[in-house]
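So the chains spell out like this:
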Amino acid sequence: LSLKFGDIGNLKGLVIRLLLTTSYYQLSVQSWFSLHRLQLLYNHSVQATFNASGIRAPAAHSFRCQRVSSLQRHDALLVPSSQHDLSHLWEVTFIDFQV
């Protein structure tokens, strides 16, 4: 799922990409979806990648959280996937997040 934004302040062409996966679990006898990663793209290149392994729900339902953030003070659910990209330069917070 890609969210494409026009010009936002000094950011032009910002894209937030949510990479979702599905898995079937025999124990629960149902499929679940997970937000595997969140990527921030700017100027057509990936600037930051965050792992989001704690965001999952049964596929027939939705995941909803009051706050999903990369900030530790908000119990970060978005964790930089690498020390080698620019994710440490970004702060990401979604309020009333639902997938």
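This structure is a prediction, so every number in the text was calculated from the model and none was measured.

What follows covers the environment of Trp-32. Within the element layout of this structure, Trp-32 appears in strand 5 (residues 30-42). In this structure, the C-alpha to C-alpha distance between Trp-32 and Thr-21, residues 11 residues apart in sequence, is 8.4 Å.

Of all residues in the protein, 96% attain a pLDDT of 70 or more, and the chain-wide mean is 88. Averaged pLDDT values for the elements of the protein fall to 68 in strand 2 (residues 7-8) and rise to 94 in strand 10 (residues 93-98).

This part covers the pairing of strand 4 (residues 15-25). As paired strands, strand 1 (residues 2-4) and strand 4 are joined by three bridges and run antiparallel to one another. From the neighbouring strand, Leu-3 faces strand 4, where its bridge partner is Ile-16. Sheet analysis places strand 4 next to strand 5, joined by 11 bridges and oriented antiparallel. Residue pairing across strands places Tyr-24 opposite Ser-31, the latter belonging to strand 5. As consecutive antiparallel partners, strand 4 and strand 5 are separated by four residues, and within that stretch Val-29 has a phi angle of approximately 55°, a positive value.

Turning next to the side chain of Gln-39. Here Gln-39 is to be found in strand 5. Overall, the relative accessible area of 14% leaves Gln-39 in the buried class. Not counting residues up to four positions away in its chain, the partners in contact with Gln-39 are Val-15, Ile-16, Arg-17, Leu-19, Val-46, Ala-48 and Thr-49.

A few words now on the pattern of salt bridges. In total, this model carries one salt bridge according to the counting rule given. We note a salt bridge from Asp-96 to Arg-64, for which the minimum N-O separation is 2.4 Å. Within this pair, whereas Asp-96 is found in strand 10, its partner Arg-64 is found in strand 8 (residues 64-69), the two being separated by 32 residues in sequence. Note on Asp-96: relative accessible area 45%, which makes it partly exposed. Accessibility expressed as a relative area gives 54% for Arg-64, which makes it exposed.

Reading guide: rules and limits
- Numbering of residues begins from 1 in every chain and follows the order in which that chain's sequence is written.
- Where totals are concerned, whole chains, interfaces and linings use all residues; where local detail is concerned, this predicted model gives features only for residues with pLDDT of at least 70, and gives and counts side-chain atom pairs only at 80 or more.
- The side-chain values count all of the structure's non-hydrogen atoms but skip hydrogen atoms and water molecules.
- Each helix corresponds to a stretch of at least 4 residues labelled H or I by DSSP, and each strand to a stretch of at least 2 residues labelled E; elements are numbered beginning at the N terminus.
- Per-residue confidence from the predictor is reported as pLDDT, a score between 0 and 100.
- Any two strands with at least two DSSP bridges between them are considered paired.
- Think of it in three bands: with a 1.4 Å probe and only protein chains considered, a residue is buried below 20% of the maximum accessible area for its type, exposed above 50%, and partly exposed in between.
- Here, two residues are considered to be in contact whenever any of their heavy atoms come within 4.5 Å of each other.
- What makes a salt bridge here is a side-chain nitrogen of Lys or Arg within 4 Å of a carboxyl oxygen of Asp or Glu, nothing more.

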